[in-house]
Each structure stands twice: as structure tokens, then as C-alpha cells.
Amino acid sequence: MKYKGIIFDLDGTLVNSLEDISDAMNTVLTSLNYPIHTYDAYQYFIGSGLRNLVSKALPSSNNSEDQIETCFETMINEYRKICTLKTKPYNGINELLDHLVSQNIKLAVFSNKADELTKKIATEIFPDYFNNAIGLSTEALKKPNPFEAIEISKNWNLKPEEIIFVGDSDIDMQTAINAEMFPVGV
């Protein structure tokens, strides 16, 4: 096989984290006596970062930058407590990872989710699969910046063209292209 490593995005690719994220935000909204949202509604809020989700979830009359920032910090604190409560791998993911490991394919996670949360979710849900789980620690390194993906390839002693980058968004595909890795959308 020409590919010797695979870097996966986390949310929407390996795991469905919608319910934990939604529950954390609804806890914040409830504490402020604001209306809460259904999981279906959160489907439309998710995908452009948690700060953006907070902005979309807040009532338009209470959507100042200060309110967004305060609610974002509270939401992250709540999410940190419950981030693996309902978050589950998509069907077939564990079997896929077992197969890849049996083929000696190197596996990593690279997410725009906060580094601490990325590591926690990857470690708790997939304890035996990933030798690298990297999340966002510096805004300048946010995907589609390929820096972290390229660092993973260096750590593995693989050329970028020997690595598949799997994700569920245009940002992931752009990251793969920027890193000169093979993009696979899911």
C-alpha cells in the first residue's frame, strides 16, 4: 500500500459529539433563562467552531461580544465535564481502526477542537489507536494551516504524499491539500 499513515479529523469524522456539545450549551442557556434548542437545531449551529455555535445559540437580543465570550467560557467549562458522556464513535469506526492497525498503518487525530479536549476524547474513546492526538493550542495553527499535519508526518518519518487526511469538512480537505496529503472526505 502506498499510504503508510492516516490523519483523522475528530468531530463529524470519527465521533458524533453533537449531543454532548448541545447539552453543554443548553445548560448555559438554561442558567440564563434563555430558550434551549433541540439536537436537530444544533446540527445547523455546529461546524464552524464552538464560539460560533454559542453565537448562534444565544437569542439575537443577547448576542453581544461580551455575552458570547462569557457564555463561551461557561460552555467550555461545562463541556469539559461531559465531553465523553454521549460522544460515541460512528458505526464501523472501531472495526476500521482495528483493520488499519493490523496493516501497520500509523494513525493520528488532528482537530480544531481545543487540544485538551481533543486529547481527552481521543484517549477515552479510542485508548489503543492513536499515537498522536493534536487539537488547537494556537489560533495561528488552526486548520487549514497544515503545520500540525506536516509535523505529524515528520514525527512518523513519512512523506506527506504517503499520508491520507480524512475529514468531514471543506477545511479538512483544504488542510490535506495544503499539507500535500491525499484528501478523503466523509
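Residues numbered from 1 in each chain as written. Predicted model: local features only at pLDDT ≥ 70, side-chain atom pairs only at ≥ 80, totals over all residues. Heavy atoms only, no water.

In total, this model carries eleven salt bridges according to the counting rule given. Here Asp11 ties to Lys113 by a salt bridge, and the two come within 3.4 Å at their closest N and O atoms. Placement of Asp11 in the loop between β1 (5-8) and β2 (15-16) and of Lys113 in strand β4 (residues 106-114) is noted, with a sequence separation of 102 residues between them. Side by side, Asp11 and Lys113 carry an identical accessibility label, which is buried. Its salt-bridge partner being Glu139, residue Lys142 comes within 3.4 Å of it at the nearest N-O pair. Assessed through its relative accessible area of 55%, Glu139 is described here as exposed. (Salt bridge = Lys/Arg side-chain N within 4 Å of Asp/Glu carboxyl O. Helix = DSSP H or I, 4+ residues; strand = E, 2+ residues; numbered from the N terminus. Buried < 20%, exposed > 50% of the residue type's maximum accessible area, 1.4 Å probe, protein only.)

The subject of this paragraph is the sheet that holds strand β5 (residues 132-136). As summarised here, the arrangement of the five strands in space is β5-β4-β1-β6-β7, forming an open sheet in which the pairing is parallel. Pairing within the sheet leaves two strands with one partner each, and these edge strands are β5 and β7 (182-185). Recorded for the sheet is a direction-independent mean angle of 20° between the axes of neighbouring strands. The sheet contact formed by β1 and strand β6 (residues 163-167) spans four bridges and is parallel. (Pairing = 2+ DSSP bridges. Axes fitted to C-alpha atoms, helices over the stretch in contact; angles between N-to-C directions.)

With that settled, the discussion passes to helix α4 (residues 65-82). Between the first and last C-alpha of α4 there are 25 Å, a value that for 18 residues agrees with the 26 Å anticipated at 1.5 Å per step. Looking at α4, one finds that the buried residues are Ile68, Cys71, Phe72, Met75, Ile76, Glu78, Tyr79 and Ile82. Structurally, α4 contributes buried residues whose contacts are with α1 (18-31), α3 (50-57), β4 and α6 (115-125). (Expected span 1.5 Å × (residues − 1). Contact = heavy atoms within 4.5 Å.)

Keep in mind that these numbers describe shape and distance, not what the molecule does.
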